[in-house]
Amino acid sequence: MEAFKASIKSQTIPLCVLDTQGSFSNIPFVFFYENTAGSSEFMPSDALSNSFYETMQRFPIFAGRIKSSGRGNTSVVVDANNPNMPDYSESTCSVHFDTLKENGFGWRSWPDNVATAGPMTKADASGEIKLINVHVVRMQDNSGVAIYFSIPHYILDGVAHMELMKYWCQVYQLQTSGQSERLAGLPVFTVDRSIIQECLPKERKPVDALTRQTFTGFSFIAELLAWISPKLRGRLLSMIIARQKAEAHLFHVSKASLESLRTTIGALVPEAAAISESELMLSVAVKTLAQSQALATGVGASSTKKDSATLPVAIIFEVREQLSMAFKNYAGNILMPIITSTPLKMLETPTTPESLATLISNFSEPVNSVDPGLVASHIEMVSPLPSCFTRPIARFAGSKTALSFVYDVMPDMYEADFGNGRPSWVSPIEPFRANAVLLLTSQDNTDGFDVFMTAYPSVMKEILKNDFWCDFAKLIY
């Protein structure tokens, strides 16, 4: 830790709208490692701590503070004389790793207080918004280790989050194998947001009207959220989200389920073989959630008797490939949302091959529109409007039905190997905001993926009774 402190240099790192648009949330995952050999030296505390702070020396942004200068202009300010140190802690617990396995790693079987930061980005008890939270929990009889690893979305997205976790693993392995001299050869990551502008292609494509309106239309509440401090904004949004009392579940969707669906709609959708698994999942998940919302609330297209009633869905795309940034080692956010609005009458019909085919065709336009030209146009639209990041937040936080769907499957989290093999299990924490769907790499990465889904409790009750969904997706916990 002392070497890390000594390495810190004062600097200011400007953030951009691609960073602030997700600033209300953290990226919190827990990695479980079993001591299969029963070694007394399994993932020793000093080695984990030393390798973590060695990793931090290469990412000094995590010693900074989120600062806002009004109307959304946001930076990370690193003060060498008063750093905002990472929140790194270790504890022991009375839960044996076998107990976790016997309970399928379900949230109820976890040790208490694994998560040292919640799902929302807000100040901790010390009054600081920590830019990284790590909690190492040693299981009973040293039977294994759980590592809570959380970073605010201000700093990076899921791709960079996983790259940082793997980087720590690499440093750990080199240090514990007596190869510290090879640390200098590890990749160098950049947090310089100007690289995004450098990667913009020449072509342009118009941003759709609803997404443009969402980001550029005036909203008093959104402007107020942009003006207040990050700490106050975090506290307010956390209070709003906490009142949702959202319920979460983790499901598994197998390759067989996905291919069966593709075959079923094959005669109804042109070029069904070319439809991605994420696109199939988008249609099934949104339809299931919309049906369940209507049943739970009694409010839907039929009850409102309005043909114009629609459901807003934010489809969030990871766009490094479109900007040719896949190999740039960029530690930041490269996410682009497209805001869609789908007629409730289309969503609330029974789930049949015909209704799914119609919905897939409805979503095909926004999904297929994501190319370098659209990404460049979106970035140019939001860049001059630093306060616009709060506009979709205000719209979606104020709605009980609006959904968000992260289109791209999270990178393989099971690649986080400290030298004892892949983790036994990786999971997000349970509390989260309602009406979100996240696709995760499965433990068996050859057979489909896992789906983290959240909803209001009454809506989740209907989801768990939805015949099509229960046949399509297997409940994990």
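Being a predicted model, the structure only gives us computed values, none of them experimental.

J.: Account for the sheet that holds strand β3 (residues 65-68), naming residues and giving values.
T.: Ordered in space as β1-β4-β3, the three strands form an open sheet in which the pairing is antiparallel. At either end of the open sheet lies a strand with only one pairing partner, and these are β1 (11-14) and β3. Within this sheet the neighbouring strands show an average axis-to-axis angle of 30°, counted without direction. Examined bridge by bridge, β3 and strand β4 (residues 74-78) share four bridges and lie antiparallel to one another. Bridge pairing in β4 links Arg65 to Val77.

J.: Describe a nonpolar patch on the surface, listing the residues and the values that go with them.
T.: Nonpolar side chains collect at one region of the surface, where Phe218, Phe220, Ile221 and Leu224 lie side by side and expose about 500 Å² of accessible area between them. Residue placement: Ile221 occurs in helix α8 (residues 220-227).

J.: Report on the packing of helix α11 (residues 277-297) against helix α14 (residues 353-368), specifying residues and quantitative values.
T.: Axis separation between α11 and α14 bottoms out at 9 Å; the angle between their running directions is 120°. On the basis of their axis angle, the class for α11 and α14 is oblique. Regarding α11 and α14, the two cross each other, and that crossing is right-handed. Contact with α11, carried on its side by Glu279, Leu280, Leu282, Ser283, Val284, Val286 and Lys287, involves Ser355, Leu356, Leu359, Ile360, Phe363, Ser364 and Val367 of α14 and no other residues of that element. Each residue belonging to the contact of α11 with α14 can be placed in one class, and the counts come to nine nonpolar, three polar and two charged.

J.: Tell me about helix α9 (residues 230-244), and name the residues and values.
T.: Under the 1.5 Å per step criterion, the end-to-end length of α9 is 21 Å for 15 residues, consistent within 8% with the ideal 21 Å. Taken as a whole, α9 has its buried residues at Pro230, Arg233, Gly234, Leu237, Ser238, Ile241 and Gln244. Relative to the axis of α9, the buried residues are bounded by an arc of 130° and lie together on one face. Counted as exposed and oriented over 90 degrees from the buried face of α9: Ala242 and Arg243. Turning to α9, the residues buried within the fold contact β3, α8, α16 (390-397) and α17 (457-463).

J.: Tell me what's going on with α16, and back it up with residues and numbers.
T.: Here α16 lies mainly inside the structure; six of its eight residues are buried. Restricting attention to buried positions, one finds in α16 the residues Thr390, Arg391, Pro392, Ile393, Ala394 and Phe396.

J.: For the environment of Ile155, give the residues involved together with the corresponding values.
T.: Looking at where Ile155 falls in the secondary structure, it is placed in the loop between β7 (144-152) and α5 (158-176). Judged by relative accessible area, Ile155 falls into the buried class, the value being 2%. In this structure, the C-alpha to C-alpha distance between Ile155 and Ser260, residues 105 residues apart in sequence, is 39 Å. Once residues within four sequence positions are removed from consideration, Ile155 is found in contact with Asp19, Ile61, Phe62, Ile66, Val76, Leu131, Arg193, Ala331, Gly332 and Asn333.

J.: I'd love a proper account of the pattern of salt bridges, names of residues and values included.
T.: Here the structure, examined in full by the defined rule, presents 20 salt bridges. Of the charged contacts, one joins Glu277 and Lys255 as a salt bridge, the two residues approaching to 3.0 Å between their closest N and O atoms. One end of the pair, Glu277, is in helix α11; the other, Lys255, is in helix α10 (residues 255-265), with 22 residues separating them in the sequence. Here Lys465 and Glu462 are joined by a salt bridge, their closest N and O atoms 3.7 Å apart. The buried category is assigned to Glu462, whose relative accessible area is 17%. Each of the salt bridges in this network shares a partner with another, and the network as a whole consists of Glu34, Asp98 and Lys101.

J.: Mind laying out the sheet that holds strand β9 (residues 310-318), listing which residues take part and the relevant values?
T.: Within a sheet, each strand pairs with its neighbour through backbone hydrogen bonds, oriented either parallel or antiparallel. Strand order in this open sheet of seven strands is β10-β9-β11-β13-β14-β8-β15, and the pairing throughout is mixed. Two strands bound the open sheet, and with one partner strand each, they are β10 (335-343) and β15 (474-475). Pairing between strand β13 (residues 436-441) and strand β14 (residues 449-455): six bridges, direction antiparallel. Among the inter-strand pairings, Ala436 is bridged to a residue of β14, identified as Thr454.

J.: A description of the packing of α10 against α14 should follow, citing residues and the corresponding values.
T.: Where α10 contacts α14, the two axes come as close as 9 Å, and the packing angle between them is 95°. On the basis of the axis angle, α10 is roughly perpendicular to α14. Contact residues: α10 offers Leu261, Thr264 and Ile265, while α14 offers Pro353, Leu356 and Ile360. In terms of residue class, the contact of α10 with α14 is built from five nonpolar, one polar and no charged.

J.: Before we move on, can you summarise the packing of aromatic side chains with the specific residues and values?
T.: In the structure shown here, the tally under the stated rule is 26 aromatic pairs. Ring centres of Tyr167 and Phe189 lie 5.8 Å apart, and the angle between their planes is 75°; on these two criteria the pair is classed as edge-to-face. Here Tyr167 is found in helix α5, whereas its partner Phe189 is found in the loop between α5 and α6 (194-198), with 22 residues between them in sequence. Residue Tyr167 is classed as buried on the basis of its relative accessible area, which comes to 2%. Phe189 sits in the buried class, given a relative accessible area of 15%. Measuring from ring centre to ring centre gives 5.8 Å for Phe432 and Phe452, while their planes differ by 70°; the resulting arrangement is edge-to-face. Within this pair, whereas Phe432 is found in the loop between β12 (425-428) and β13, its partner Phe452 is found in strand β14, the two being separated by 20 residues in sequence. Relative accessible area serves as the criterion here: at 19%, Phe432 is assigned to the buried category. A connected cluster of aromatic rings, assembled from ring pairs, spans Phe4, Tyr33, Phe52, Tyr53, Tyr88, Phe149, Trp168, Tyr172 and Phe418.

Criteria and cut-off values
- Residues numbered from 1 in each chain as written.
- Predicted model: local features only at pLDDT ≥ 70, side-chain atom pairs only at ≥ 80, totals over all residues.
- Heavy atoms only, no water.
- Pairing = 2+ DSSP bridges.
- Helix = DSSP H or I, 4+ residues; strand = E, 2+ residues; numbered from the N terminus.
- Axes fitted to C-alpha atoms, helices over the stretch in contact; angles between N-to-C directions.
- Patch = residues over 30% accessible without salt bridge, like charges linked within 9 Å, V, L, I, M, F, W, Y side chains within 5 Å.
- Areas by Shrake-Rupley, 256 points an atom, 1.4 Å probe, with all protein chains shown as cover.
- Salt bridge = Lys/Arg side-chain N within 4 Å of Asp/Glu carboxyl O.
- Parallel < 35°, antiparallel > 145°, perpendicular 65-115°, else oblique.
- Left-handed = near helix turned anticlockwise from the far one by under 90°.
- Contact = heavy atoms within 4.5 Å.
- Nonpolar A, V, L, I, M, F, W, Y, C, P; charged D, E, K, R; others polar.
- Expected span 1.5 Å × (residues − 1).
- Buried < 20%, exposed > 50% of the residue type's maximum accessible area, 1.4 Å probe, protein only.
- Arc of directions from axis to C-beta.
- Phe/Tyr/Trp six-rings, centres within 6.5 Å; stacked < 30°, edge-to-face > 60°.

Just distances and angles here, no functional claims.
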